[in-house]
Amino acid sequence: MARLFGTDGVRGLANDLLTPTLAVQLGEAAARVLTKDTSAARSSRSGRPRAIVGRDTRASGEFLDHAISAGLASSGIDVTRVGVLPTPAIAHLTATQDIELGVMISASHNPFPDNGIKFIARGGYKLADAVEDEIEALLGTVNDRPTGADVGRVIKGETVADQNYINHLVDSVATDLSGLRIVVDASNGAASVVGPAALRAAGAEVIVINASPDGLNINDNCGSTHPEQLQNYVKAVGADMGVAYDGDADRCLAVDADGKLVDGDQIMGMLAIGMKADGTLGSDTLVVTVMSNLGLILAMREHGIRTVQTGVGDRYVLERMLQGGYTLGGEQSGHVIDTVHATTGDGVLTSLHVAARVKRTGKTLAELARVVTRLPQTLINVKNVDKGAASTNKAVQDAVASAEKDLGETGQHGTHEGIAATGGVDGLHANRRNALNRLFRGGVEHHGTVASQRHDRLIKTERPHFVQNMAPVESVPVIILRLVNAEQLRHLMLIDEQDVGGCHQFRRQRRRERRIVEQPLQLSK
């Protein structure tokens, strides 16, 4: 049976996988696991442990909120329902308000029919896998429930929670944002109220779009996953910048005054440089995932900042940050974690610190973002593969090591649990050709397919004859653990046939591929 908990709690179609019954059971099980070491000294006045429950704006969150609160209260926990708040707000309150556990009901950037339940332990951090497994093992099991005066109580506390979080956000900046005009796209989600309120409290002039949630319109062609509306709006109103959150506001992307998108890599780059200058960048190190653009790695190197890479997922970034004592990390998608002020990714916090960096430096957002030159990049998800083999199979690892040797320090590629990653290069053409040929042969014959991240070297050199309306490109291979046909391969690689050993060799290889197209890849142990 598949594990119920995923990379970010329990998530699925609301009222299908994620039912009120399951929510009650999760509340009961979490209460048993997360409060078993609770002492009376850190409990509520009643002597019972305390929990808070928040949610985003999905309609299904309304009944799931009641259901999980019932499960917690029936297990002897006093529950404060704080209503619609971002995930990082629940983490902050759990860390600072003598609370045993927090619960966030959200499916983040997913469409509104989905929902999710994630738990936050005392101290404000997400649960370790082992703790989630312990909760899952207790689902539906019999337990001695409290009765009479020992049952938990359920109260509401929206207003106090909102203001507490907003005060925390503004205090973290210590910069007056007056004079900045900022457009906020709240994605009709959890930050529809507190996001604009925090920026206004910090002094900015704020124009808000997509902050009228109706239970059905969260993430609907808006927010960080659909920033096009924000890009147009920033230009139309002459704003200095724009920021876009996702459904639970744990991520943030930005838009400069010209309507150009500023992604998580660029945001991390400009913040890292500022924190290094301020002396708050732990060990002068930035933690990123294997999906971060090569341009960020190179930019940080130029500014004397070390980068540490992790697997994909903000929980892995945070884990590495805590292990190394690092204070800044995140993902290209806009999850940015600043452990000086937060225990998890916080989109509203990020937007405030980006705006503060603009104000303090006197530079435009476009100028600050320019520190990172984004190299063209291809990210491809591959299904139905042996995920473990991506990091353990010797044939795959040998091909990766060989390519890395040719690419040197200016090449990048990666895989994550069998999901295709990125590749890039800023090096010599000969090295690129050797790595490409080696991985083309190894990738197709032994390991799967090859894809590429393409880098415009700003020199008008090669231009594949079949590429229309694109800049000149460089190509570097990346292993993907599934076979596709030659036309798909050629499209992914965007290179001339001659770059893989000549037209005749390529055509012979293509005929061979057609005989094995769409066969699942079998990797040796």
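Residues numbered from 1 in each chain as written. Predicted model: local features only at pLDDT ≥ 70, side-chain atom pairs only at ≥ 80, totals over all residues. Heavy atoms only, no water.

## Regarding the overall build of the chain
Helix and strand counts for the chain stand at 17 helices and 19 strands. For the chain, the proportion of contacts with a sequence separation of at least 24, taken over those separated by at least 6, is 72%. Carbon and sulfur atoms form 49% of the exposed surface of the chain, whose accessible area is close to 21,900 Å². (Helix = DSSP H or I, 4+ residues; strand = E, 2+ residues; numbered from the N terminus. Contact = heavy atoms within 4.5 Å. Areas by Shrake-Rupley, 256 points an atom, 1.4 Å probe, with all protein chains shown as cover.)

## Looking at the nonpolar core
Counting 66 residues, the largest nonpolar core has Leu177, Ile182, Leu199, Tyr245, Val348 and Leu352 as the members making the most contacts within it. Here Leu352 is in contact with Leu169, Val173, Leu177, Ala198, Leu199 and Ala202, once residues within four sequence places are set aside. Within the second largest apolar cluster, 28 residues are counted, among which are Ala23, Ala51, Ala73 and Val79. (Core = buried A, V, L, I, M, F, W, Y, C linked by side-chain atoms within 4.5 Å. Buried < 20%, exposed > 50% of the residue type's maximum accessible area, 1.4 Å probe, protein only.)

## Focus: the environment of Val288
For Val288, the position within the fold is in strand 12 (residues 285-289). With a relative accessible area of 0%, Val288 lands in the buried category. The contacts of Val288, once residues within four sequence positions are left out, are Met268, Leu296, Ile297, Val308, Gln309, Thr310 and Gly330.

## A closer look at the side chain of Asp265
Mapped onto the fold, Asp265 is located in helix 8 (residues 264-278). No salt bridge forms around the buried Asp265; measuring N to O, its nearest opposite-charge neighbour Arg374 is 7.7 Å away. Asp265 has contacts with Ser292, Asn293, Leu296, Glu331, Gln332 and Val372, leaving out every residue within four places of it along the chain. (Lys, Arg positive; Asp, Glu negative; His and termini not counted. Salt bridge = Lys/Arg side-chain N within 4 Å of Asp/Glu carboxyl O.)

## A few points about helix 3 (residues 87-96)
Across the ten residues of helix 3, eight count as buried, placing the element largely inside the fold. Among all positions in helix 3, only Thr87, Pro88, Ala89, Ile90, Ala91, His92, Leu93 and Thr94 are buried. On its buried face, helix 3 is in contact with strand 2 (50-55), strand 3 (78-84), strand 4 (101-105), strand 5 (114-121) and helix 5 (158-173). Positive backbone phi, approximately 55°, marks Asp98, located one or two places after helix 3.

## Some words on empty space enclosed by the protein
Following the criterion strictly, the structure yields three cavities of 30 Å³ or more and no others. As a volume, the largest cavity reaches approximately 80 Å³. Lining the largest cavity are Gln25, Glu28, Ala29, Arg32, Ser75, Leu138, Leu139, Gly140, Thr141, Asn143 and Arg145. Tallying contributions element by element places helix 1 (residues 20-34) first for the lining of the largest cavity, with four residues. Residue classes in the lining of the largest cavity are distributed as three nonpolar, five polar and three charged. Estimated volume of the second largest cavity: approximately 60 Å³. If you trace the second largest cavity, you find it lined by Thr7, Asp8, Gly9, Lys118, Phe119, Lys126, Leu127, Glu132 and Arg315. Considered class by class, the residues forming the lining of the second largest cavity number two nonpolar, two polar and five charged. (1 Å grid on protein atoms, 1.4 Å probe; cavity = no way out; pocket = protein on both sides within 12 Å on 5 of 7 lines; lining within 4 Å. Points joined across faces, edges and corners; volume = space filled by probe spheres on them. Nonpolar A, V, L, I, M, F, W, Y, C, P; charged D, E, K, R; others polar.)

## Some remarks on the pairing of strand 5
Most of strand 5 sits inside the fold, with seven of its eight residues counted as buried. Sheet topology places strand 1 (residues 10-13) next to strand 5; four bridges connect them, and they run antiparallel. Directly across from Gly12, in strand 5, lies its bridge partner Asn115. Looking at chain direction, strand 4 and strand 5 are connected through five bridges and run antiparallel. Bridge pairing in strand 5 places Gly102 opposite Ile120. (Pairing = 2+ DSSP bridges.)

## Examining the sheet that holds strand 11 (residues 261-262)
One open sheet holds the five strands; their spatial order is 8-7-9-10-11, and the pairing between them is mixed. Looking along the sheet, the strands with just one partner apiece sit at the ends: strand 8 (205-209) and strand 11. Pairing geometry for strand 9 (residues 241-245) and strand 10 (residues 252-256), over five bridges, is antiparallel. Among the inter-strand pairings, Tyr245 is bridged to a residue of strand 10, identified as Cys252.

## With respect to the packing of helix 1 against helix 2 (residues 60-73)
Contact geometry for helix 1 and helix 2: axes closest at 7 Å, N-to-C directions at 35°. As helix 1 packs across helix 2, the resulting crossing turns out to be right-handed. Between helix 1 and helix 2, the contacting residues are Pro20, Ala23, Val24, Gly27, Glu28 and Ala31 on the first element and Phe63, Leu64, Ala67, Ile68, Gly71 and Leu72 on the second. Classifying every residue of the contact of helix 1 with helix 2 by side-chain character gives nine nonpolar, two polar and one charged. (Axes fitted to C-alpha atoms, helices over the stretch in contact; angles between N-to-C directions. Left-handed = near helix turned anticlockwise from the far one by under 90°.)

## Comments concerning the pattern of salt bridges
Counted under the stated rule, the structure contains 22 salt bridges. As a salt-bridge pair, Arg55 and Asp65 come within 3.8 Å of each other at their nearest N and O atoms. Remark: Asp65 occurs in helix 2 and Arg55 occurs in strand 2; sequence separation between them is ten residues. Take Arg55: its relative accessible area is 15%, and that puts it in the buried class. A salt bridge links Asp65 to Arg81, with the nearest nitrogen and oxygen atoms 3.0 Å apart. With Asp65 in helix 2 and Arg81 in strand 3, this residue pair connects regions lying 16 residues apart in the sequence. A residue is classified by how much of its surface remains accessible, and Asp65, at 1% relative accessible area, is buried. A relative accessible area of 14% places Arg81 in the buried class. The network of salt bridges with shared partners includes Asp8, Arg11, Lys118, Lys126, Asp248 and Asp314.

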